[in-house]
Amino acid sequence: MSALNLSTVVAVIGAGAMGAGIAQVAAQAGHPVKLHDTRPGAAAQAIDGIDRQLGKLVEKGKLSAEARAATVARLQPADAIEALADAGLVIEAIVENLDVKRGLLRQLEALCSAECIFASNTSSLSITSLAAGLAHPERVIGMHFFNPAPLMALVEIVSGLATPRALADSLYATARAWGKQPVHTASTPGFIVNRVARPFYAESLRLLQEGAADCATLDALLRDAGGFRMGAFELTDLIGHDVNYAVTCSVFAAYYGDFRFQPSLIQKELVDAGRLGRKSGHGFYNYAEGAERPQPVELSSNASVDSCVVEGDLGVVEALIPRLQAAGVQVVRRDGSGLLRVGDAVLALSDGRLASQRAQDDGVRNLVLIDLALDYSKASRLAITCAADTSDGARDQAVALLQRAGLKVSQLADLPGLAVLRTVAMLANEGADAVLQGVGSAADIDLAMRAGVNYPQGPLAWADTIGLPGVLRTLEHLQASYGESRYRPSLLLRRLVAEGRHFHD
Ligand code: NAI
């Protein structure tokens with residue numbers, strides 16, 4: 001299916017943060033663009049703002065002066081909505097209110113040609129219900145850009161119940177032609193990104209609530225071991241707790257209270273207190289001038305460690321071994337079930353059980369569980385947790401070994417799945433359910449999470465790397481530990497494990 005012809009007039013309605021960005025994208029791609037807003041002067045102001053933004057790109061040598069002038073010449077403010085009558089594609093980015101958006105679509109249907117496509121940039125409203133009541137609901141589709149639209153690559157192309165595949169394909173091709181990375185998704189609450197990302201926030205909030213560690217330590221683990229650009233606390237401080245909490249509440253309500261999406265009381269406390277994050281000067285962290293930024297808590301060990309024993313295959317943790325060898329640690333190999341022994345300590349990748357429970361179940365003394373890292377050959381920090389009977393001496397030996405590999409070590413309280421492992425397992429689980437329910441393909445879900453929220457790896461590809469049986473086991477253990485449906489494994493994950501397959505075969 002081909003992209004819309006460049007002669008197609010694109011009308012953007014709503015000249016706020018999103019509308020202005022979308023208008024810029026369409027004009028830079030070569031379309032004549034009309035920008036309309038009910039606030040008098042808002043469209044013209046937004047076009048001036050775009051001109052200034054493009055001017056900065058010219059100064060930096062990233063855009064030619066001619067391209068800037070041509071783009072701005074294609075942008076036209078439209079004071080009256082009637083001026084949009086010749087549009088072939090309307091993208092609305094007005095206030096997030098179902099009734100107001102429906103009213104606008106009805107007005108447009110009376111105004112525009114029968115072929116005109118109506119796209120909505122809504123983050124949270126159903127495309128199906130936006131289209132309902134129109135004479136031609138099949139012309140309505142979601143085109144969900146991310147903020148700031150000129151910079152963020154992802155566009156979710158959202159199909160409602162009435163949207164024909166040909167229209168979704170055409171707007172997919174159009175978004176591509178505009179230099180974006182589109183994905184197809186069905187109109188379900190949160191679409192792909194705002195649904196699959198929920199556990200990223202939820203698991204850190206839960207770990208904090210249950211006393212696993214402080215914010216700075218948990219954030220550092222998600223960054224330095226997980227490879228995420230930011231931890232959940234610094235990220236929600238940036239997004240704004242009012243916004244992030246509202247999205248969680250709306251997804252939770254939309255899924256009829258499914259505990260997978262349960263909002264966090266500690267985030268609600270912040271909202272209630274007006275501690276909205278950076279914008280209010282205080283969230284999980286204090287942004288007042290001169291306020292000290294708390295540092296992650298780390299263990300240090302003076303134990304002397306020169307050798308270790310690897311029993312069996314350590315799976316993803318194997319990438320740690322060359323680091324140890326490069327640091328002069330002698331590594332002895334023998335058969336076994338994926339354990340790493342140093343002195344009295346026995347190290348193993350978490351499988352979602354409490355350390356104390358696993359120690360008891362498996363009859364292992366001095367057990368030290370380690371967390372998942374995106375890449376053990378590059379991580380700079382790793383979480384550990386110890387069983388109740390693990391001696392301080394054994395823990396020190398484990399820490400010393402990890403330090404020899406150049407890792408900073410942060411200890412968490414004994415909670416199942418540590419920090420990165422349970423976050424990634426839950427992200428993959430949510431992605432799996434989204435695939436199962438036809439919300440998106442595995443490839444599109446991974447792409448959406450990389451391009452939309454900058455994840456270092458798509459959660460489904462990441463689960464493939466860890467090994468799906470290990471991810472399934474982790475979730476089963478989390479579910480058993482908490483006794484909550486929140487951690488129930490997706491049927492698709494279970495099916496793929498039973499079939500010996502992967503998300504990306
Ligand atoms: P905004 O508040 O910055 O801008 C909305 C603009 O729409 C305002 O200029 C307002 O005057 C205008 N407006 C309101 N009702 C109108 C009407 N009936 N006709 C014409 N203009 C009208 O809002 P923002 O952040 O740009 O969001 C717009 C839409 O984009 C919402 O649907 C939102 O959910 C969605 N969105 C927002 C994202 C964000 O990060 N801000 C990200 C992705 C989607």
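Criteria and thresholds
- Residues numbered from 1 in each chain as written.
- Predicted model: local features only at pLDDT ≥ 70, side-chain atom pairs only at ≥ 80, totals over all residues.
- Heavy atoms only, no water.
- Salt bridge = Lys/Arg side-chain N within 4 Å of Asp/Glu carboxyl O.
- Helix = DSSP H or I, 4+ residues; strand = E, 2+ residues; numbered from the N terminus.
- Buried < 20%, exposed > 50% of the residue type's maximum accessible area, 1.4 Å probe, protein only.
- Disulfide = S-S within 2.5 Å.
- Pairing = 2+ DSSP bridges.
- Axes fitted to C-alpha atoms, helices over the stretch in contact; angles between N-to-C directions.
- Contact = heavy atoms within 4.5 Å.
- Near = heavy atom within 4 Å.
- Polar contact = N/O pair within 3.5 Å; in protein donor to acceptor, adjacent residues only side chain to side chain.
- Areas by Shrake-Rupley, 256 points an atom, 1.4 Å probe, with all protein chains shown as cover.
- 1 Å grid on protein atoms, 1.4 Å probe; cavity = no way out; pocket = protein on both sides within 12 Å on 5 of 7 lines; lining within 4 Å.
- Points joined across faces, edges and corners; volume = space filled by probe spheres on them.
- Nonpolar A, V, L, I, M, F, W, Y, C, P; charged D, E, K, R; others polar.
- Domains from an automatic or database assignment.
- Expected span 1.5 Å × (residues − 1).
- Right-handed = clockwise from strand over helix to strand, strands pointing away.

Engineer: Any details on the pattern of salt bridges? Residues and values, ideally.
Structural biologist: According to the stated counting rule, one finds 34 salt bridges in the structure shown. The partner of R333 in a salt bridge is E318, and the shortest N-O contact between them spans 2.6 Å. Placement of R333 in strand β10 (residues 330-334) and of E318 in the loop between β9 (307-311) and α13 (320-326) is noted, with a sequence separation of 15 residues between them. Residues R358 and D351 are paired through a salt bridge, measuring 3.6 Å at the closest nitrogen-oxygen approach. Comparing R358 with D351, the two get one shared label, buried. Shared partners join several salt bridges into a network, and the residues in it are R223, D224, E234, R293, E298 and R381.

Engineer: So what's going on with the state of the cysteines? Which residues, and what values?
Structural biologist: By definition, a disulfide links the sulfur atoms of two cysteine residues through a covalent bond. Applying the stated criterion across every chain yields a total of zero disulfides. Of all cysteine sulfurs in the structure, the one in C112 sits closest to C116, which takes part in no disulfide; the separation is 4.2 Å. No disulfide involves C215; its sulfur sits 19 Å from the nearest other cysteine sulfur, which is in C249.

Engineer: Let's hear about the sheet that holds strand β2 (residues 33-36): which residues, and what values?
Structural biologist: Spatially, the eight strands line up as an open sheet ordered β3-β2-β1-β4-β5-β6-β7-β8, and their pairing is mixed. The outermost strands of the open sheet, each flanked by one partner alone, are β3 (75-78) and β8 (181-186). Here the strands of the sheet are splayed against their neighbours by 25° on average, with no regard to which way each runs. The pairing of strand β1 (residues 10-13) with strand β4 (residues 89-92) spans four bridges and is parallel. Pairing of I13 across the sheet is with E92, part of β4. Helix α2 (residues 42-59) contacts β2 and β3 of the sheet and is inclined by roughly 160° relative to β3. Helix α17 (residues 442-453) rests against β7 (154-159) and β8 of the sheet, and its axis sits at about 125° to β8.

Engineer: Please set out the environment of D335 residue by residue, giving values where relevant.
Structural biologist: Summarising the element assignment, D335 is placed in the loop between β10 and β11 (339-342). Classification of D335 as exposed rests on a relative accessible area of 74%. The spacing of D335 and A20 is 315 residues in sequence and 62 Å in space, taken between C-alpha atoms.

Engineer: Run through unusual backbone geometry, naming residues and quoting values.
Structural biologist: For the bond from N147 to P148, the omega torsion is -5°, close enough to zero to count as cis. As for its placement among the helices and strands, P148 is situated in the loop between β6 (140-145) and β7. One non-glycine residue with positive phi stands out, namely F191, at about 50°. The buried category is assigned to F191, whose relative accessible area is 2%. Although it is not a glycine, N366 adopts a positive phi angle of roughly 55°. Within the secondary structure, N366 is located in the loop between α14 (355-362) and β13 (367-370).

Engineer: So what's going on with the site of the ligand? Which residues, and what values?
Structural biologist: Every one of the 20 residues lining the ligand counts as a neighbour, but M18, D37, R39, E96 and K101 are closest to it. Here D37 contributes a side-chain N or O atom positioned 2.6 Å from an oxygen atom of the ligand. Within the contact set of the ligand, an oxygen atom lies 2.8 Å away from a side-chain nitrogen or oxygen of R39. Expressed as a share of its isolated accessible area of 830 Å², the protein-covered part of the ligand is 73%. Among the secondary structure elements, those contributing two or more residues to the shell around the ligand are α1 (17-29), α4 (98-111) and β6.

Engineer: Can you tell me about the layout of surface pockets, naming the residues and giving the values?
Structural biologist: By volume, the largest pocket is sized at about 1,300 Å³. Forming the walls of the largest pocket are 42 residues, and the residues nearest its centre are F146, N147, N194, I239 and V243. Contributing elements (two or more residues each) for the lining of the largest pocket: α1, β6, α7 (193-196), α8 (198-209), α10 (232-239), α11 (241-254) and α17. At six residues, α11 tops the list of elements feeding residues into the lining of the largest pocket. Taken together, the residues that form the lining of the largest pocket break down as 24 nonpolar, 14 polar and four charged. The computed volume of the second largest pocket comes to approximately 440 Å³. Around the second largest pocket sit 27 residues that line it, and L314, L349, S350, R358 and R473 are the ones nearest its centre. Top contributing element to the lining of the second largest pocket by residue count: helix α19 (residues 468-482), with five residues.

Engineer: Give me the lowdown on the domain arrangement of the chain, citing residues and values where you can.
Structural biologist: Taken as a whole, the chain is organised into domain 1 (10-187), domain 2 (195-280), domain 3 (307-411) and domain 4 (422-499). Centre-to-centre separation of domain 1 and domain 3, based on C-alpha positions: 52 Å.

Engineer: Hey, could you go over α17 for me, with residue numbers and the actual values?
Structural biologist: Given a rise of 1.5 Å per residue, 12 residues ought to cover 16 Å, and the 16 Å separating the end C-alpha atoms of α17 matches this to within 8%. Counting buried positions along α17 yields nine of 12 residues, so the element is predominantly enclosed. All of the buried residues along α17 are A442, D444, I445, D446, L447, A448, M449, A451 and G452. On its buried face, α17 is in contact with β7, β8, α7, α16 (420-436) and α18 (459-466).

Engineer: An account of the pairing of β2 is needed here, citing residue identities and associated values.
Structural biologist: Side chains V33 and L35 of β2 all project onto a buried face; the interleaved residues K34 and H36 project onto the opposite face, where all are buried too. Across four bridges, the pairing between β1 and β2 is parallel. Among the inter-strand pairings, A11 is bridged to a residue of β2, identified as K34. In the classification by handedness, the crossover that spans β1, the intervening α1 and the parallel β2 is right-handed. Of the strand pairs in this sheet, β2 and β3 are connected by four bridges, and their pairing is parallel.

Engineer: Break down helix α9 (residues 215-224) for me, citing the residues and quoting the values.
Structural biologist: Burial of α9 is extensive: nine of the 10 residues sit out of reach of the surface. Where α9 is concerned, the buried positions are C215, A216, T217, L218, D219, A220, L221, L222 and D224. In this fold, the buried residues of α9 make contact with α8, α10, β14 (381-386), β15 (408-411) and α16. Where α9 starts, the residue carrying a side-chain oxygen 3.3 Å from the main-chain nitrogen of A216 turns out to be D214.

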